[in-house]
Each structure stands twice: as structure tokens, then as C-alpha cells.
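Fold and contact review
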Amino acid sequence: MESQPSTPPASPESESALLAVRREKLAKLEAAGINPWGGRFDTSHSIAQIRDSFSEGLQVRAAGRVTACRDMGKTLFFDLSDLEARFQCFFNAKNVPEDTFSTFKNLVDIGDWVGVEGETFITKTGEPSIKVTSLTVLSKSLRPMPDKWHGVADREIKYRQRYLDLMANQRSREVFILRSRMVAEIRTWLQDRGFLEVETPMLQAVPGGAAARPFETFHNALGQPFFLRIAPELYLKRLLVGGFTKVFELNRNFRNEGISRRHNPEFTMLEAYWACADFRQMADLVEDLVCHLAEKFIGSLLIEHKDADGNVTRTIDLSRPWQRTPYRDLLRSIDPLWFDYSPEQRRTRCAELGVEISPAMEDYEVTQQVFEKLIEEKTFNPCFVTHVPAELVPLARQNPDDPSIVDVYELIINGVEISPGYSELNDPIVQRQRLEHQAGEETQKVDEEFLLALEHGMPPAGGIGIGIDRLIMMLTGCDSIRDVVLFPQLKSKD
RNA sequence: GGGCAGUUAGCUCAGUCGGUAGAGCAGCGGACUUUUAAUCCGUUGGUCCUGGGUUCGAGUCCCAGACUGCCUACCA
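The numbering scheme is per chain: residues are counted from 1 as the chain's sequence reads. All chains are assigned letters beginning at A, and all ligands numbers beginning at 1, according to the order in which they are written. Predicted model: local features are reported for residues with pLDDT of at least 70 only, side-chain atom pairs are reported and counted for 80 or more only, and whole-chain, interface and lining totals are derived from all residues. Here the side-chain values reflect all heavy atoms present in the structure, with hydrogen atoms and water set aside.

**Topic: the sheet that holds strand β3 (residues 86-92)**
What makes two strands pair is DSSP finding at least two bridges between them. Helix and strand assignments follow DSSP, with helices taken as H or I runs no shorter than four residues and strands as E runs no shorter than two, numbered in order from the N terminus. The five strands lie next to each other as β1-β2-β3-β5-β4, forming a closed barrel whose pairing is mixed. On average, adjacent strands in this sheet sit at an angle of 55° to one another, irrespective of strand direction. Orientation is described by lines fitted to C-alpha atoms, with helices fitted over the stretch in contact, and by angles between N-to-C directions that extend from 0 to 180 degrees.

**Topic: the packing of aromatic side chains**
Only centres within 6.5 Å qualify two rings of Phe, Tyr or Trp (six-membered ring in Trp) as a pair; their planes then separate them into stacked at under 30 degrees, edge-to-face at over 60, and tilted for everything else. Under the counting rule described, the total for this entry stands at 12 aromatic pairs. Centroid distance F91 to F101: 5.5 Å. Interplanar angle 10°. Geometry classified as stacked. Of this pair, F91 sits in strand β3 while F101 sits in helix α3 (residues 98-107), and the two are 10 residues apart along the sequence. Residue F101 is classed as buried on the basis of its relative accessible area of 7%. Clustering of aromatic rings is evident, with ring pairs tying together F78, F91, F101 and F104. Two conditions define a charge located above a ring, namely a distance within 6 Å from the ring centre to NZ of Lys or CZ of Arg, and an angle within 35 degrees of the ring normal. Sitting above the plane of the Y235 ring, R238 keeps its charged end 4.1 Å from the centroid. Cation over ring: R328 sits above F339, and NZ or CZ is 5.7 Å from the ring centre. Here the term buried applies to any residue with accessible area under 20% of the maximum for its type, exposed to any over 50%, and partly exposed to those in between, with areas from a 1.4 Å probe on protein chains only.

**Notes on the protein's contact with RNA strand B**
A molecule or strand has a residue near it when one of that residue's heavy atoms lies within 4 Å. Taken together, 47 residues surround RNA strand B, and among them K25, T125, K148, Q438 and K491 come closest. Within 4 Å of the protein, the contacting atoms of RNA strand B are 57% sugar and phosphate, with bases supplying the remainder. Whenever a nitrogen or oxygen atom comes within 3.5 Å of another N or O atom, the pair is scored as a polar contact, on the condition that within protein one atom can donate a hydrogen and the other can accept it, and that pairs from neighbouring residues in sequence are kept only if both atoms are in side chains. With respect to RNA strand B, the backbone of G151 contributes an N or O atom lying 3.2 Å from a sugar or linking oxygen. At 2.7 Å, a backbone N or O of K491 approaches a phosphate oxygen of RNA strand B. At the level of secondary structure, the elements contributing two or more residues to the surface near RNA strand B comprise α1 (17-31), β1 (59-71), β2 (75-81), β3 and α4 (155-160). It is α4 that contributes the most residues to the surface near RNA strand B, five residues altogether. Note that Gly is not counted as nonpolar here; it falls among the polar residues with everything else outside the nonpolar set of Ala, Val, Leu, Ile, Met, Phe, Trp, Tyr, Cys and Pro and the charged set of Asp, Glu, Lys and Arg. Residues that form the surface near RNA strand B fall into these classes: 15 nonpolar, 12 polar and 20 charged.

**Things to note about the confidence of the model for chain A**
Residue-level confidence of the predictor is what pLDDT reports, using numbers from 0 through 100. In this model, chain A carries an average pLDDT of 91, and 96% of its residues clear a pLDDT of 70 or more. Overall, residues 1-14 carries pLDDT values under 50, and its contacts beyond four positions in sequence, including any with other chains, amount to three contacts. For this predicted complex, the interface confidence reaches an ipTM of 0.91, while the overall pTM sits at 0.92. Any two residues whose heavy atoms approach within 4.5 Å are treated as being in contact.

**Let's talk about the pattern of salt bridges**
Note on pairing: side chains with opposite charge can pair once their charged atoms come close. The salt bridge criterion pairs a side-chain nitrogen of Lys or Arg with a carboxyl oxygen of Asp or Glu, the two atoms within 4 Å. Across all of its chains, the model carries 38 salt bridges by this definition. K237 serves as the salt-bridge partner of E233, at 2.8 Å between the closest nitrogen and oxygen. Of the two residues, E233 and K237 both sit in helix α7 (residues 233-241), four residues apart, roughly one turn of that helix. Judged by its relative accessible area of 5%, E233 is buried. Here D278 ties to R280 by a salt bridge, and the two come within 4.0 Å at their closest N and O atoms.

**Details of the nonpolar core**
Nine residue types can take part in a nonpolar core, namely buried Ala, Val, Leu, Ile, Met, Phe, Trp, Tyr and Cys, and a core is a set of them joined through side-chain atoms within 4.5 Å. Residues L318 and M474 are the most contacted members of the largest nonpolar core, which totals 47 residues. Of all the secondary structure elements, the ones that give two or more residues to this core are α6 (170-192), β10 (246-254), β11 (266-275), α8 (279-298), β16 (405-413), β17 (416-423), β18 (461-467) and α14 (468-476). Once residues within four sequence positions are removed from consideration, M474 is found in contact with V290, I303, H305, I316, L318, I413, N414 and I418. The next biggest cluster of nonpolar side chains, apart from the first, holds 37 residues, and it includes V393, A396, F450 and M458.

**Remarks on unusual backbone geometry**
With an omega dihedral of 0°, the bond running from R320 to P321 counts as a cis peptide bond. Phi is positive for C276, which is not a glycine, with a value near 70°. Given a relative accessible area of 62%, C276 falls into the exposed group. A positive phi angle, near 55°, is found at H387, a position not held by glycine. Take H387: it is sitting in strand β15 (residues 383-389).

**Some details on the sheet that holds β18**
Sheet architecture is open: eight strands sit in the order β6-β10-β11-β18-β17-β16-β15-β14, paired in mixed fashion. With partners counted over all chains shown, the strands left at the sheet margins are β6 (196-197) and β14 (323-326), one partner each. Strand direction decides the pairing type here: β14 and β15, joined by four bridges, are parallel. Following the sheet pairing, Q323 is matched in β15 by C383. The strands that α7 touches are β10, β11, β17 and β18; relative to β11, the one it contacts most, it runs at about 25°.

**Some details on the packing of α8 against α14**
Two elements in contact, α8 and α14, have axes separated by 11 Å at closest approach and are oriented at 45°. On the basis of their axis angle, the class for α8 and α14 is oblique. In terms of crossing hand, the pair formed by α8 and α14 is right-handed. Between α8 and α14, the contacting residues are V290, L293, A294 and I298 on the first element and L471, M474 and L475 on the second. Angles are sorted into four bins: roughly parallel if under 35 degrees, roughly antiparallel if over 145, roughly perpendicular if 65 to 115, and oblique for all others. By definition, any crossing whose near helix is turned counterclockwise from its far helix by less than a right angle is left-handed, and any crossing with a clockwise turn is right-handed.

Below, the structure written as C-alpha cells:
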């Protein structure tokens with residue numbers, strides 16, 4: 001790199017007249033002895049508090065972003081906004097010193113942060129407002145805000161510059177506030193039921209607990225490769241061995257797989273384990289939790305998904321009790337003779353049913369494909385699928401009466417699997433066989449330290465996982481995971 | 001990985017048969033002391049994603065690439 005001159009290099013942006021104007025205003029503020037970058041500003045109320053508990057004649061101090069301005073000459077009305085609320089400020093030349101008025105009028109832009117002080121009142125047209133008597137510049141915005149009416153429509157800008165989406169699109173703000181409150185509520189709800197929240201390694205020497213490709217990294221001091229976890233399961237079970245009887249972890253998993261409307265490489269998973277419980281109790285737990293969230297935050301067990309025009313496109317009915325149906329019964333609803341056919345006949349039926357399969361698939365995978373395409377993707381109201389074939393779930397306990405199936409449920413809502421729940425396998429000898437069988441197929445390593453822990457005795461337990469992103473999608477009606485993850489993974493530019 | 005679509009002013013979007021690059025909002029100048037998508041008058045602003053090609057002439061047609069979206073594949 002050659003040494004650069006002290007002035008920043010000219011970029012296409014720096015040539016824009018819009019940006020030049022803002023820089024000019026910045027310089028004028030500084031020249032007038034006004035710090036354009038503010039500092040501590042003590043507020044008496046949040047904007048939402050002023051709005052929600054409005055009374056006239058109240059002296060208030062509030063801070064926010066200027067999001068609209070209606071200039072009437074000697075009076076101007078501007079909107080002061082933060083994440084939660086918007087409130088109108090009434091700014092009149094006779095209420096403030098002349099230099100304050102001209103400063104605002106000439107040098108403050110939509111997008112700037114300001115602090116105001118004044119008295120609340122109601123305008124002639126009935127709008128609750130603050131009659132501003134003092135104004136403080138808190139931060140100058142050097143770039144224009146998105147379109148005030150359309151907001152940010154460009155998906156790429158929404159995701160890469162989420163702050164623009166948040167400042168311009170109310171629905172986005174609502175979804176992320178709702179997500180935060182729901183996640184907090186999940187933690188409180190579980191803690192109230194005696195579950196301890198724990199944190200287990202995200203860097204794992206052997207990535208276990210699921211069958212997905214991991215991200216690989218390297219620890220320099222140890223001279224050893226590590227993997228970002230694909231699931232916390234095997235560590236949470238070590239805690240059961242150690243005597244924790246009710247634990248959960250709610251945090252990020254990482255899977256090095258395709259990205260889609262329903263998949264982000266890093267996603268949030270709740271896993272909970274309950275010693276001496278079984279999958280039926282775990283199903284009850286999930287049903288209780290999801291209904292609680294819906295009632296508390298949506299105010300109904302009927303979840304309406306709407307399109308851009310506000311038309312209801314789908315209604316999910318969470319009314320209890322939720323359907324519980326064995327896997328094989330669901331397949332027999334597609335074809336009563338499904339399990340009487342030979343594997344070859346099942347492949348033939350797939351072609352007739354319009355389900356694509358590959359020749360490499362095992363027989364159980366052919367059946368699973370039919371399940372996914374013709375049942376899962378078409379099931380929107382909650383359905384616990386039970387008595388799943390053992391091949392599909394290597395970490396669950398086999399059914400005592402029928403070893404070909406395992407004691408698990410898979411909860412489907414909104415056409416996707418939202419939560420699996422197991423009666424966990426605690427027999428270390430059977431567990432080793434099943435992991436080694438799986439490892440053979442997937443060329444994965446077996447977590448020997450996990451098996452060692454099991455040999456010390458893990459209590460029988462119920463376990464669940466809940467895909468938090470998908471749960472939030474279902475409850476908020478978002479049809480892409482990118483709309484419920486603040487910064488979804490995108491390919492880097494350049 | 002494969003298929004389809006998109007990329008034009010700061011934002012939201014038009015752009016017909018290949019013939020001078022358009023609107024609304026934002027911005028800038030002006031009017032207005034109760035507006036709220038304020039209004040009214042005037043006005044600035046373009047690497048038409050990038051690179052090739054065809055053509056007298058390309059935002060427009062062709063080829064390659066980038067990024068994004070949707071579908072698909074992979075994915076307990």
C-alpha cells in the first residue's frame with residue numbers, strides 16, 4: 001500500500017450532493033459550537049411511556065430519532081421515534097431562543113438523533129405532542145433515511161443493513177421485539193418449572209448430537225482442530241449423568257449446510273432434559289409452552305398469517321389437545337397398504353404419488369420421503385408424530401414392545417418440524433452400537449467421552465429440542481427465517 | 001450444486017420497436033404559526049450491477065461474471 005494523503009480518498013458516495021449537504025451541516029453545527037455527536041442526555045420518560053400514559057401539562061425530557069418533519073414556517077412539527085414508539089414534537093419559534101430555532105430548521109435532518117425538553121399538550125387537531133422549549137443534537141446522520149412511505153423493500157438492504165430496515169419498517173421492529181420477549185419468556189417459563197439454564201461448549205472436538213456437516217476451526221495453542229457445535233445434546237446429557245435433573249440450553253447451533261427460507265447456518269435451538277420423564281411428558285411440556293407463548297404474545301391460539309396486503313393466507317389452530325398420531329398411521333392415510341408392500345412396490349408407489357426418490361435411498365428413507373412431502377409439508381396445525389422408525393433417530397430409546405420404533409415425537413406445525421422430543425437412550429452399550437452404526441455411514445467420529453459418561457449411569461430422561469427461529473416464524477407469520485434473524489448470513493460482497 | 005427471476009437517482013419504482021434517462025418520496029431554494037404521507041411554486045441529482053460482444057447507435061439484443069430472491073438439491 002502506498003501512503004495515502006490525509007484527506008480520505010474520493011469514493012462515489014462522497015461525490016453525492018446529498019451527502020455533501022449533510023457534511024456541510026455537520027461543519028456548520030461544529031462552527032456554531034454545537035457538538036453534533038451529543039453525549040449523556042438524561043430522559044424523564046421513554047417515548048412509549050409518554051405516549052401510553054399521556055397527560056397534558058407534563059414536563060418531559062425525551063430522546064429519539066427525527067423521522068419526519070412538517071415545516072410550517074415559524075412552526076414545525078417533527079416526529080421523534082425510537083424502536084418502540086413515535087411521538088410528535090411541536091417546535092415554535094416563540095417557545096425557544098432564536099438561534100435554537102434556526103439551528104434546528106437549517107441544520108437538523110430527518111435521521112438525526114435529538115433530545116427534547118418541554119411540556120405535553122394536545123394540538124388543535126387532537127394530536128398529543130411535546131411543546132419543545134429546549135433541543136439538543138445527539139447525533140448527526142450523514143446519510144439519508146430510507147423512503148418514509150415504502151421503507152426498505154430491497155431484501156438485500158433489509159438483511160445487510162438491518163438498521164435501515166428497523167428504522168424504517170414498523171413490522172420488522174415488532175417482529176424482533178416480539179422475538180426478544182418470547183425468548184425471555186421461554187427462559188422464565190422453564191426456570192419457573194425448575195429447569196436450570198446452562199451453557200455448554202460451542203467448540204467441540206467431536207461434533208455430535210445430530211447428523212449435519214459442521215464448521216471446522218483450529219485452536220492454535222492446543223494445536224488441535226475444533227468444530228462449532230451442531231447440537232448441545234451430548235453435553236447436556238453429561239449433566240444428567242452429573243445429577244442435574246432439569247436442564248436447558250437456549251443458544252446457537254451451527255450447521256454447514258445449504259441456506260434456504262428455513263435454514264440459516266447459525267440458528268437458535270432450545271434443548272431441555274428432564275430426568276425420569278419420557279417423551280409423552282416432553283410433548284405435554286412443549287404443548288403447554290407454545291400455547292402459553294401464543295396466548296401471552298399473540299392473544300389467541302388462532303395464529304393468522306397474512307400477505308403484504310393484510311389478507312389472511314393461513315390460520316394455524318393451536319387449540320388443545322394437539323393431535324398425536326403414530327408415524328405408520330400417517331403413512332397408511334396416504335396408502336393403507338404402504339407397509340404391506342415390498343420395497344420395490346413402495347418405490348413404484350412413489351412414482352405414482354409424484355414423490356421424487358433417488359436409487360441410493362434405503363427403504364426407510366423412501367418412506368421418510370413420502371412422509372416429508374405428503375404429510376409434513378401439508379400439516380399446518382400441530383401434530384405430534386409418534387412411534388418413529390428407529391433408523392431415523394439414533395439417540396432415542398427403542399419402544400419396549402416394538403424395537404423397530406423409538407419412543408419419540410416429532411412435532412410438526414406450519415409444514416415444518418418445529419420440535420423433536422425423545423425418551424432418551426441411556427443404555428451405554430446400545431448407544432455405542434447405534435452411534436458406531438451411524439458413524440460408519442457418515443464417516444463421523446464417535447464421541448468416546450460421551451459414551452464414557454453414559455457408563456457412569458445416566459438417568460432415564462425426556463429430552464426436547466425446539467427450533468426457536470422456526471417457532472418465531474410460526475407465531476409471527478414470517479415465511480422466511482431471514483425475517484426473524486437480525487443478521488442472516490449472506491455472501492460477502494467483494 | 002441445478003433451474004427461474006431480478007439489479008435503473010439516497011429510497012420506492014416506470015422505461016414501449018434498439019434512437020436525447022423518467023416519476024413519487026428524500027434533498028436543495030422559496031411561501032406558510034396546528035401539521036401529521038402537510039400543502040403550494042421552483043429545482044439539483046444517473047458507473048442504468050460488472051466486463052466483453054453485436055450495431056451507425058445498447059438501460060433495451062447476445063455471451064460471461066457478481067450479488068439477491070424464489071424453487072430445487074443437501075440438511076435428524
